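What follows is the residue order along each chain.
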Amino acid sequence: MSDKVILKYDGKELELAVSTGSMDEKAIDVSSLRGATGLITMDPGYKNTGACESKITFLDGEEGKLSYRGYPIEQLAEKSSFVEVMYLLIKGHLPTQPELDKFVADINEHNYVSEDLIKILDAFPSSAHPMGVLASLTSALSAFNPKCVNVNSEEDLYRAAVTLLGKFPVLASWCQRKTKGLPVNYSNDQLGYVENFYQLLFKKPGQELAMNPVVVDALDKLFILHADHEQNCSTSTVRLVGSSHAGLFASISSGISALWGPLHGGANQAVIEMLEAIKNDGGDVQKWIDKAKDKNDPFRLMGFGHRVYKNFDPRARIIKVACDNILEQLGIDDPILEIAKGLEKAALEDEYFVERKLYPNVDFYSGIIYKALDIPTEMFTVMFAVGRLPGWIAQWKEMRETNQPIGRPRQLYTGEPDRDYVPVENR
Ligand code: ACO
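Residues numbered from 1 in each chain as written. Predicted model: local features only at pLDDT ≥ 70, side-chain atom pairs only at ≥ 80, totals over all residues. Heavy atoms only, no water.

**Regarding the overall build of the chain**
- If you tally the helices and strands in the chain, you get 18 helices and six strands.
- For 427 residues, the compact-globule formula gives about 22 Å, and the C-alpha radius of gyration of the chain, at 23 Å, lands near that figure.
- Once the C-alpha set of the chain is aligned to its principal axes, its extents read approximately 75 × 65 × 55 Å.
- Here the chain, with 427 residues, has 46% of them falling under the buried criterion.
- Within the chain, residue pairs in contact and separated by at least 24 positions form 71% of the contacts whose partners lie at least 6 positions apart.
- Surface summary for the chain: the accessible area is close to 21,800 Å², and the carbon and sulfur share equals 50%.
- With 46 positive and 59 negative side-chain charges, the chain shows a separation of 3 Å between the mean positions of the two kinds. (Helix = DSSP H or I, 4+ residues; strand = E, 2+ residues; numbered from the N terminus. Rg over C-alpha atoms; globule rule 2.2 N^0.38 Å. Buried < 20%, exposed > 50% of the residue type's maximum accessible area, 1.4 Å probe, protein only. Contact = heavy atoms within 4.5 Å. Areas by Shrake-Rupley, 256 points an atom, 1.4 Å probe, with all protein chains shown as cover. Lys, Arg positive; Asp, Glu negative; His and termini not counted. Charge placed at Lys NZ, Arg CZ, Asp CG, Glu CD.)

**Things to note about the packing of aromatic side chains**
- A complete count under the given rule lists 13 aromatic pairs for this structure.
- Summarising the aromatic geometry, the rings of Tyr 198 and Phe 202 are spaced 4.9 Å apart at their centres and angled 50° between planes, so their arrangement reads as tilted. In this pair, Tyr 198 and Phe 202 are both assigned in helix α8 (residues 193–202), four residues apart and thus about one turn of the helix distant.
- Of the residues examined, Phe 202 reaches a relative accessible area of 14% and is grouped as buried.
- On the basis of an interplanar angle of 65° and a centroid distance of 5.0 Å, the ring pair of Tyr 352 and Phe 353 is categorised as edge-to-face.
- A residue is classified by how much of its surface remains accessible, and Tyr 352, at 15% relative accessible area, is buried.
- By relative accessible area, Phe 353 is classed as buried at 3%.
- Each member of the aromatic cluster is reached from another via a ring pair, and the members are Phe 304, Tyr 352, Phe 353, Phe 364 and Tyr 365. (Phe/Tyr/Trp six-rings, centres within 6.5 Å; stacked < 30°, edge-to-face > 60°.)

**Some points on the site of the ligand**
- Surveying the vicinity of the ligand reveals 21 residues, the closest of which are Arg 300, Leu 301, Gly 303, Phe 304 and Arg 307.
- One nitrogen or oxygen atom from the main chain of Leu 301 is found 2.8 Å from a nitrogen atom belonging to the ligand.
- One nitrogen or oxygen atom from the side chain of Arg 356 is found 2.9 Å from an oxygen atom belonging to the ligand.
- Looking at the shell around the ligand, its residues break down into ten nonpolar, five polar and six charged. (Near = heavy atom within 4 Å. Polar contact = N/O pair within 3.5 Å; in protein donor to acceptor, adjacent residues only side chain to side chain. Nonpolar A, V, L, I, M, F, W, Y, C, P; charged D, E, K, R; others polar.)

**So, the pattern of salt bridges**
- Inspection of the entire model under this criterion finds 19 salt bridges.
- For Asp 24, the salt bridge identified is with Lys 26, shortest N-O distance 3.6 Å.
- Take Lys 26: its relative accessible area is 43%, and that puts it in the partly exposed class.
- For the salt bridge of Glu 276 with Lys 279, the shortest nitrogen-to-oxygen distance reads 3.7 Å. Residue Glu 276 and its partner Lys 279 are both found in helix α12 (residues 267–280); the two are separated by three residues, about one turn of the helix.
- The exposure class of Glu 276 is partly exposed, given its relative accessible area of 23%.
- Taking the relative accessible area as the measure of exposure, Lys 279 reaches 34% and is therefore partly exposed.
- Sharing partners across several salt bridges, the network here consists of Lys 91, Glu 154, Lys 397 and Glu 401. (Salt bridge = Lys/Arg side-chain N within 4 Å of Asp/Glu carboxyl O.)

**Things to note about the sheet that holds strand β1 (residues 4–9)**
- Here we have three strands laid out as an open sheet, ordered β1-β2-β3, and antiparallel in their pairing. Pairing within the sheet leaves two strands with one partner each, and these edge strands are β1 and β3 (26–28). Pairwise comparison of adjacent strand axes, ignoring direction, gives a mean angle of 30° for this sheet.
- Where β1 meets strand β2 (residues 12–20), six bridges bridge the pair, whose relative direction is antiparallel. Looking at β2, one finds that Tyr 9 is bridged to Lys 12. (Pairing = 2+ DSSP bridges. Axes fitted to C-alpha atoms, helices over the stretch in contact; angles between N-to-C directions.)

**Digging into helix α17 (residues 362–372)**
- Buried residues dominate α17, accounting for ten of its eleven residues.
- If you check which residues of α17 are buried, you get Val 362, Asp 363, Phe 364, Tyr 365, Ser 366, Gly 367, Ile 368, Ile 369, Tyr 370 and Ala 372.
- Taken together, the buried residues of α17 touch α9 (213–226), α12, α14 (314–329), α15 (335–349) and α18 (380–401).
- At the N-terminal end of α17, a side-chain oxygen is found 3.0 Å from the backbone nitrogen of Asp 363, two or three residues along, and the residue is Asn 361.
- Note on α17: the residue one or two positions beyond its end, Asp 374, has a positive phi of about 70°.

**Remarks on helix α11 (residues 248–260)**
- Between its first and last C-alpha atoms α11 spans 19 Å; for 13 residues at 1.5 Å apiece the expected length is 18 Å, and the two agree.
- Every buried residue belonging to α11 is among Leu 248, Phe 249, Ser 251, Ile 252, Ser 253, Gly 255, Ile 256, Ala 258 and Leu 259, and all of these are buried. (Expected span 1.5 Å × (residues − 1).)

**Some points on the packing of helix α6 (residues 130–144) against helix α7 (residues 154–180)**
- Packing of α6 against α7 brings their axes to within 9 Å, and their N-to-C directions diverge by 140°. The two elements α6 and α7 cross, and the hand of that crossing is right-handed. Here Pro 130, Val 133, Leu 134, Leu 137, Thr 138 and Leu 141 of α6 lie close against α7, whose contacting residues are Leu 164, Lys 167, Phe 168, Leu 171, Ala 172, Cys 175 and Thr 179.
- Its residues assigned to classes, the contact of α6 with α7 comprises ten nonpolar, two polar and one charged. (Left-handed = near helix turned anticlockwise from the far one by under 90°.)

**Notes on the nonpolar core**
- Counting 121 residues, the largest nonpolar core has Leu 219, Leu 275 and Leu 301 as its most contacted members.
- Here the element with the most residues in this core is α7; it accounts for 13 residues.
- Those residues within four positions of Leu 219 in sequence are excluded, and the remaining contacts are Val 194, Tyr 198, Tyr 370, Leu 373, Ile 375 and Met 383. (Core = buried A, V, L, I, M, F, W, Y, C linked by side-chain atoms within 4.5 Å.)

Right, dumping it as structure tokens:
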């Protein structure tokens, strides 16, 4: 196969190199295009545009395949732990036992936040959406940790990563506690990362919180599955903001805002709200399928479809099984689960969804699990953010280490041509 393409334009020919990734993916290098021809490429939504080379995550949407640093997601979900996956994403290899122990100890050293942050938290109304609060508190971290990261120092980058990994679950838990009117809670070094997060969320003052291993295991798995997903909307936001050399906390705060939207991480909240709405509407699944197919109706089936997967989302396969197990083990019989099953079956058999390759995505099931674990609906996307944090950090780190230029897309201007200013009295 040729390693170049020839572009013919205005009587001239331009040779564009084709690069090949380690999984045999191909990309045309158009970086010389504008200089040589004056042309730019148009690709709204970046459906065909690669913005970087990356060694972190591989995703084949046609095959429904996902791997972190070369390890299949199925193996990681079954055999690894969230902490180990965090290390893998950020450092590039699976840790030895001493490396893992040090990583955990280093995270624990930072698993508190300044008490002054409580004043900021207090200023939010208890009705504030936790994602807005989380984005603000994460951004505020930069004020409390002003030391710049020297991106040429592996040690400095590592310190920044463990600092944020330590503090983030505390902030995320405070967002939930705020909505429930509970006082803030503090980390417990004796517990694992996920167990600690669980007690941060739920422990009441003076209470001995019993840890259900089924719940901890489910959360651990969900976080592994959410830990990275290459150049999605929030990760691209983290990279783009970071490309201006904005700091790690500011870049991650922007990623949280990007994740919030219902077309991205906010879909897990939207799925449950949709299932509740179907239930309250009498449970007629077909009516809602028809609504999603109606081009005059803006409604979309939440938790269905994906920009990259044109096959079953491999994470959804794993979560579907985990979801059934958890509901069975916790003895939960939730009527919205029946609606979810009915909706999934009807959509998978419907020509509209089959033709467009619209399958349930990871968010279709994650919300059902979070609901079973008694996590408030508005916290679902915060849970996603806790899982995605190591991916954002790894991608930010890689972007700075590889010295990516500042991100700055072009546009095709379609506004008014040049015209003269008219004073207000003459308009
Ligand atoms: N319900 C009904 N129709 C849909 C849906 C859906 N959920 N998703 C896509 N379609 C249709 C579109 O209307 C379009 O139809 P057309 O070809 O007749 O115009 C076709 O499928 C292609 O859809 P696009 O919008 O072009 O696909 P895109 O890649 O831009 O969007 C997205 C992907 C945003 C995920 C979309 O499928 C969607 O809105 N899904 C619902 C929200 C959701 O679940 N988001 C979570 C994504 S996973 C994540 O972020 C973790």
